[in-house]
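Report on the structure
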Amino acid sequence: MPSVLTLIGIPGLESVQFWIGIPFCAMYIIAVFGNSLLLVIIKAERSLHEPMYVFLAMLGATDIALSTCILPKRLGIFWFHPPQIHFDACLLQMWFIHSFQCIESGILLAMALDRYVAICDPLRHAVIFTHQFLTQIGVGVTLRAALFAAPCVILLKCRLKFYRTTVVLHSYCEHTAIVKLAADDVRIDKIYGLFVAFSILGLDVIFITLSYIRIFITVFNLPQKEARFKAFNTCIAHICVFLEFYFLGFFSFFTHRFGFRIPSYIHILLSNIYLLVPPLLSPIVYGVKTKQIRNGVSKIFYSKNPS
């Protein structure tokens, strides 16, 4: 078992990694700024202390944490070329990455259930989504992610003792990339990785899809056109975030594991884009679609002229 691993960044694009790091850094800064601004506005505006915006604050905090646990090291590799990372630190980064991904998926599921109850059973919404219930959802989503991601680290640390190489063909510590280094039998590791992906992300997608099928049926059965438009409008932002997160996620997941003819640098770029684009777009989508958030931004950046 090696004490130090070497992350080479994007294999095949080492000569242009310096320039690739510039848009990545810009995306990271915008994502952190946008999500931080979102958290400040939701905390300051009492009208935004509703379940949907509480979940949005959880999503923003998760996006900041997910981006931050990856990008500083990645930019260090692209710009300053210190590719070494301690093996235990690599496993810790891997655990954080996959935990935050699972947390984000769980929050998106909670947001879909919130919209389902608000539209399909509005009289019970305030009774069901209490502050205590929101806290329980946050704790449950976090524990589920941490517990499901932990065996990936334990299996790598305790089972795999011999490695062919210490060079990781990736820009961060991703489970499949680390497993490929081992000289031992890695079938259990691969099977468990697929199990986590399908039991968390896969089931979340199924439940979110079923929720929105029921929501659409309810919305289209509303008698008034304005009521249908208003109900559907409350779901547009979440649908956009849901589609970008899972579309990019599953596309990256399947090309990385089954796209054997796709060049490796395409796999790595897709993985990087998947972890950067959703945190970048989420605050923009919700800022454009939510009037209260736009008003909060205006209060922060545009002071009223004295009368």
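Structure report, in brief. (Residues numbered from 1 in each chain as written. Predicted model: local features only at pLDDT ≥ 70, side-chain atom pairs only at ≥ 80, totals over all residues. Heavy atoms only, no water.)

1. Observations concerning the environment of cysteine 25
Stated formally: The helix count covers DSSP runs of H or I at least four residues long, the strand count covers runs of E at least two residues long, and both are numbered beginning at the N terminus. Contact between two residues is taken to exist if any of their heavy atoms lie within 4.5 Å; hydrogens are not considered.
Within the secondary structure, cysteine 25 sits in helix α1 (residues 17–44). The residues touching cysteine 25, leaving out its near neighbours within four places in the chain, are Leu71, Leu75 and Trp79.

2. Considerations on the packing of helix α4 (residues 87–120) against helix α10 (residues 264–289)
Note the following rule: A fitted line through C-alpha atoms represents every axis, and for helices the fit uses only the stretch in contact; the resulting angles, taken between N-to-C directions, go from 0 to 180 degrees. Crossings are assigned a handedness: left-handed for a near helix turned anticlockwise from the far helix by less than a right angle, right-handed for a clockwise turn. Residue classes follow a fixed rule: Ala, Val, Leu, Ile, Met, Phe, Trp, Tyr, Cys and Pro count as nonpolar, while Asp, Glu, Lys and Arg count as charged, and any other residue, Gly among them, counts as polar.
One way to put it is that α4 packs onto α10 with a least axis distance of 12 Å and a crossing angle of 35°. You can see that α4 and α10 cross each other, and the crossing is left-handed. On α10, the residues touching Ile97, Gln101, Glu104 and Met111 of α4 are Tyr274, Leu275, Pro278 and Tyr286. In the contact of α4 with α10, the residues fall into six nonpolar, one polar and one charged.

3. Quick look at the packing of aromatic side chains
For the record, the criterion: Any two rings among Phe, Tyr and Trp, with Trp reduced to its six-membered ring, count as a pair given centres within 6.5 Å; such a pair is stacked if its planes are under 30 degrees apart, edge-to-face if over 60, and tilted if neither.
Summed over the entire model, instances satisfying the criterion amount to 16 aromatic pairs. Here phenylalanine 55 and phenylalanine 129 contribute two aromatic rings whose centre-to-centre distance is 6.3 Å and whose plane-to-plane angle is 85°, an arrangement assigned as edge-to-face. Highlighted residues: phenylalanine 55 in helix α2 (residues 51–68) and phenylalanine 129 in the loop between α5 (125–128) and α6 (131–158), separated in sequence by 74 residues. These aromatic residues form a ring-pair network of at least three members: Phe18, Trp19, Trp79 and Phe80.

4. Comments concerning the sheet that holds strand β3 (residues 167–168)
Through backbone hydrogen bonds, the strands of a sheet pair up, either in parallel or in antiparallel fashion. The condition is simple: Strands were regarded as paired on the criterion that DSSP finds at least two bridges between them.
Strands sit in the order β2-β1-β3 across an open sheet of three strands; the sheet is mixed. Bordering the open sheet on either side are β2 (84–86) and β3, each of which pairs with just one other strand. Packed on one face of the sheet, α4 meets β1 (4–7) and β2 and runs near 85° to β2.

5. Thoughts on the state of the cysteines
For clarity, the cut-off: We call a pair of cysteine sulfur atoms a disulfide when they lie within 2.5 Å. To sort residues, take the accessible area from a 1.4 Å probe on protein chains only and compare it with the maximum for the residue type: under 20% means buried, over 50% means exposed, and anything in between is partly exposed.
Inspection of the entire model under this criterion finds one disulfide. The side chain of cysteine 90 participates in a disulfide bridge whose partner is cysteine 173; the two sulfur atoms lie 1.9 Å from each other. Taking the sign of the torsion about the S-S bond as the criterion, the disulfide between cysteine 90 and cysteine 173, at about -120°, is left-handed. Taken together, the positions of cysteine 90 in helix α4 and cysteine 173 in the loop between β3 and α7 (175–179) put the pair 83 residues apart, joining distant regions of the chain. The pair cysteine 90 / cysteine 173 is uniform in exposure class, with both members buried.

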